[in-house]
Amino acid sequence: MKSQSILIENGKIAEIGPLASKSKSADETIDCEGKIVLPGLINTHTHLPMTLFRGLADDMKLEEWLTSKIWPLELKLTPEACHYGALLGCLEMIATGTTTFLDMYFFMDEVAKAVAAAGLRAYLSCGAFGEEGSDLERKSKENTKQLMKFLRELNNPIVELAIGPHAPYSCSPELLMWSNEIAQKEHAILHTHLAETRIEQARAQKDHGMKEIEYLDKLGFLHPNLVAAHCVWLSKNEISILAERDVKVSHCPVSNMKLASGGVAPVPEMLENGVTVSIGTDGAASNNSLDMFESMKICALVHRAHRWDATILPAQQVLDLATIQAAKALGISDKIGSIEGGKHADLIIIDARIPNLAPLSENTVISNLVYSANGHNVDSTIVDGKVIMKDRTFLTLDENTIYDRTSECARKLAEQLG
Ligand SMILES: [Zn+2]
């Protein structure tokens, strides 16, 4: 739409149209002349406090990356470090136009406090792990129950619970199904990692005599409220099962490329089969940014490079994956994901009078947003009708304190790692 105004009332989009006369009685008016208003972007897979590890462990093989760096670093994490890491992640998302995200990590009550202070919309899950009967499994269940209690008390309508069994290879079948039951009972999103690497699929074959998604289907784990990150190593039969069970896939192209998980997720086949696909950045240790504009562009390019086909995943479709399809993945496409009357006002404003977006016309705007824009072209961010960044000034968070505290936390962590 061109030359329209958007009236926001009580956190929702009340009206769209030529509303110049109404602007006189508004509490606040934002002039968007020469700017583009988009629905806020939705990141369907991340680990917010991992911003602390940004740049600490790069250029390594996946197994070595996990065993010699990430897992030892995670053992040293404190609630305070997770809080400031989450605040840094919030700053980056606000700055780059993400208004809603799905997260999984540790000390999630500290993440919830950070997200509530930032004013972002989020679904938060505790990463759960452990073999059957192990202390780790018991602790994981406790952590999830504690997060449920904490979010209930926080009572913030835009910070909601998700349930996060880490992956089929790191959770006992009992823990997977316990998580599944809680998610169904609480009407919460079930959030996990699936089929990220070839080694993982080989292990499923060895342990269960079948592919990972076939194993989960047999367990009864696959439901429409499941958001599964990665889904790189899939057979045709597994794609059919995901479609049949209406499982939502969070495609993380940058993380998959950086960690050299091998192969490219069969996103065109998933879309052809009717699977709801959205985009995730994954944590900042494996990306290393949370910029969804960057992930959109790489999503569009990686499948073309892989297939030698410049026509797959056109710009509009990629933008849809990061907005309305992602809203569908989270079960809230009636509430966010597009600019429509009655929906929550989760909006971003992009300055188009900037070298990489000029010249602007109706014919080039979508292409330019996907192929030329970057997150730092966003100049204002609005969530649930509340302006949380205006003209590139953060209105809810003190950025300098966050830079100082996260530098300190990251330095301590690096020292402990030796
Ligand atoms: Zn992940």
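It should be emphasised that the depicted structure is a prediction, and the values quoted were computed from it without experimental measurement.

(A) Structural detail: the overall build of the chain. A tally of helices and strands in the chain yields 16 helices and 15 strands. A compact globule built from 418 residues would reach a C-alpha radius of gyration of about 22 Å, and the chain, at 21 Å, matches this within 12%. Along the longest, intermediate and shortest principal axes, the C-alpha atoms of the chain span 65 × 45 × 40 Å. Among the 418 residues that make up the chain, the fraction classed as buried is 55%. Here the analysis covers contacts within the chain between residues at least 6 apart in sequence; of these, 73% occur between residues at least 24 apart. Entry remark: accessible area of the chain is about 18000 Å², with carbon and sulfur atoms responsible for 51%. Between the centroid of the 40 positive side chains of the chain and the centroid of its 55 negative side chains there is a distance of 1 Å.

(B) Looking closely at the packing of aromatic side chains. By the definition in use, this model includes 2 aromatic pairs. Consider the rings of Y105 and F106, whose centres lie 4.8 Å apart with planes at 45°: the pair is tilted.

(C) Fine view of the coordination of the zinc ion. Of the protein atoms, only H45 (NE2), H47 (NE2), H193 (NE2) and D282 (OD) coordinate the zinc ion, at distances of 2.1 to 2.4 Å. Note that the zinc ion binds 4 donor atoms; their angles at the metal cover 85 to 174°, and the shape is irregular.

(D) Representation of the packing of helix α3 (residues 79-95) against helix α4 (residues 108-118) within the structure. Interhelical geometry of α3 versus α4 gives an angle of 35° and a closest axis separation of 8 Å. Relative to α4, the crossing made by α3 is right-handed. Taking contact as the criterion, the partners of P79, H83, A86, L87, C90 and I94 in α3 are, on α4, E110, V111, K113, A114, V115 and A118. For the contact of α3 with α4, a count of residues per class yields 9 nonpolar, 1 polar and 2 charged.

(E) Broad picture of the pairing of strand β10 (residues 248-251). Of the two faces of β10, the one holding K248 and S250 and the one holding V249 and H251 are both buried throughout. Across 3 bridges, the pairing between strand β9 (residues 226-230) and β10 is parallel. Counterpart to A228 in the pairing with β10 is V249. As a crossover connection, the stretch from β9 through helix α9 (residues 236-244) into β10 is right-handed. Direction of pairing for β10 relative to strand β11 (residues 277-279): parallel, over a ladder of 3 bridges. Looking at β11, one finds that V249 is bridged to V277.

(F) Structural view of the packing of α4 against helix α5 (residues 135-154). Close contact between α4 and α5 brings their axes to 9 Å; oriented N to C, the two are set at 25°. In this view, α4 runs roughly parallel relative to α5, as classed from their interaxial angle. Considering the relative orientation of α4 and α5, their crossing is right-handed. Taken together, the residues of α5 that come into contact with α4 (itself represented by M108, D109, A112, K113 and A116) are Q146, L147, F150, L151 and L154. Taken together, the residues of the contact of α4 with α5 break down into 7 nonpolar, 1 polar and 2 charged.

(G) Region of interest: the state of the cysteines. Under the counting rule described, the total for this entry stands at 0 disulfides. Among the cysteines around C82, which has no disulfide bond, C409 carries the closest sulfur, lying 9.2 Å off. Using a relative accessible area of 0% as the deciding quantity, one classes C82 as buried. In this structure C90 is not part of a disulfide, and its nearest cysteine sulfur, from C82, lies 13 Å away.

(H) Looking closely at the pairing of strand β7 (residues 159-165). The buried fraction of β7 is high, at 6 of 7 residues. In this sheet, β7 lies alongside strand β6 (residues 121-128) in parallel orientation, the contact comprising 5 bridges. What sits directly across from A128, in β7, is P165. The parallel pair β6 and β7 is bridged by α5, and the resulting crossover is right-handed. Crossover handedness for the path β7 to helix α6 (residues 173-186) to strand β8 (residues 189-194): right-handed.

(I) The sheet that holds β11, seen in detail. Spatially, the 8 strands line up as an open sheet ordered β4-β5-β6-β7-β8-β9-β10-β11, and their pairing is parallel. Where the open sheet ends on each side, the last strands, each with one partner, are β4 (41-46) and β11. The sheet shows a mean angle of 25° between the axes of neighbouring strands, taken without regard to direction. As paired elements, β4 and strand β5 (residues 98-105) share 4 bridges and run parallel to each other. Its bridge partner being in β5, N43 is matched across the sheet by F101. Where helix α12 (residues 292-307) meets the sheet, its contacts fall on β4, β5, β10 and β11, and the angle it forms with β4 comes to roughly 75°.

(J) Examining the nonpolar core more closely. Residues F53, V115, L120, M270 and F293 are the most contacted members of the largest nonpolar core, which totals 110 residues. Element by element, the count of residues in this core is highest for α3, at 11 residues. Not counting residues up to four positions away in its chain, the partners in contact with F293 are L38, L41, T96, I348, I350, L369, V370, A373, N374, G375 and V378. Counting 11 residues, the second-largest nonpolar core is a separate cluster that includes L102, A162, I189 and A326.

(K) Expanded view of unusual backbone geometry. Each neighbour pair has its own omega, and for N287 with N288 the value is 5°, a cis peptide bond. For N288, the position within the fold is in the loop between β11 and α12. Following A358, the chain continues into P359 via a peptide bond in cis, with omega recorded as -5°. Secondary-structure assignment places P359 in the loop between β12 (347-351) and α15 (365-372). Despite not being glycine, C231 shows a phi value in the positive range, around 45°. Mapping C231 onto the fold places it in the loop between β9 and α9. For D384, which is not glycine, the phi torsion reads 55° and is therefore positive. Given the relative accessible area of 26%, D384 is considered partly exposed.

About the criteria used
- Residues numbered from 1 in each chain as written.
- Predicted model: local features only at pLDDT ≥ 70, side-chain atom pairs only at ≥ 80, totals over all residues.
- Heavy atoms only, no water.
- Helix = DSSP H or I, 4+ residues; strand = E, 2+ residues; numbered from the N terminus.
- Rg over C-alpha atoms; globule rule 2.2 N^0.38 Å.
- Buried < 20%, exposed > 50% of the residue type's maximum accessible area, 1.4 Å probe, protein only.
- Contact = heavy atoms within 4.5 Å.
- Areas by Shrake-Rupley, 256 points an atom, 1.4 Å probe, with all protein chains shown as cover.
- Lys, Arg positive; Asp, Glu negative; His and termini not counted.
- Charge placed at Lys NZ, Arg CZ, Asp CG, Glu CD.
- Phe/Tyr/Trp six-rings, centres within 6.5 Å; stacked < 30°, edge-to-face > 60°.
- Donors = N, O, S within 2.8 Å, 3.2 Å for Na, K, Ca; no water.
- Tetrahedral: all angles 85-135°; square planar, octahedral: opposite > 155°, others 65-115°.
- Axes fitted to C-alpha atoms, helices over the stretch in contact; angles between N-to-C directions.
- Left-handed = near helix turned anticlockwise from the far one by under 90°.
- Nonpolar A, V, L, I, M, F, W, Y, C, P; charged D, E, K, R; others polar.
- Pairing = 2+ DSSP bridges.
- Right-handed = clockwise from strand over helix to strand, strands pointing away.
- Parallel < 35°, antiparallel > 145°, perpendicular 65-115°, else oblique.
- Disulfide = S-S within 2.5 Å.
- Core = buried A, V, L, I, M, F, W, Y, C linked by side-chain atoms within 4.5 Å.

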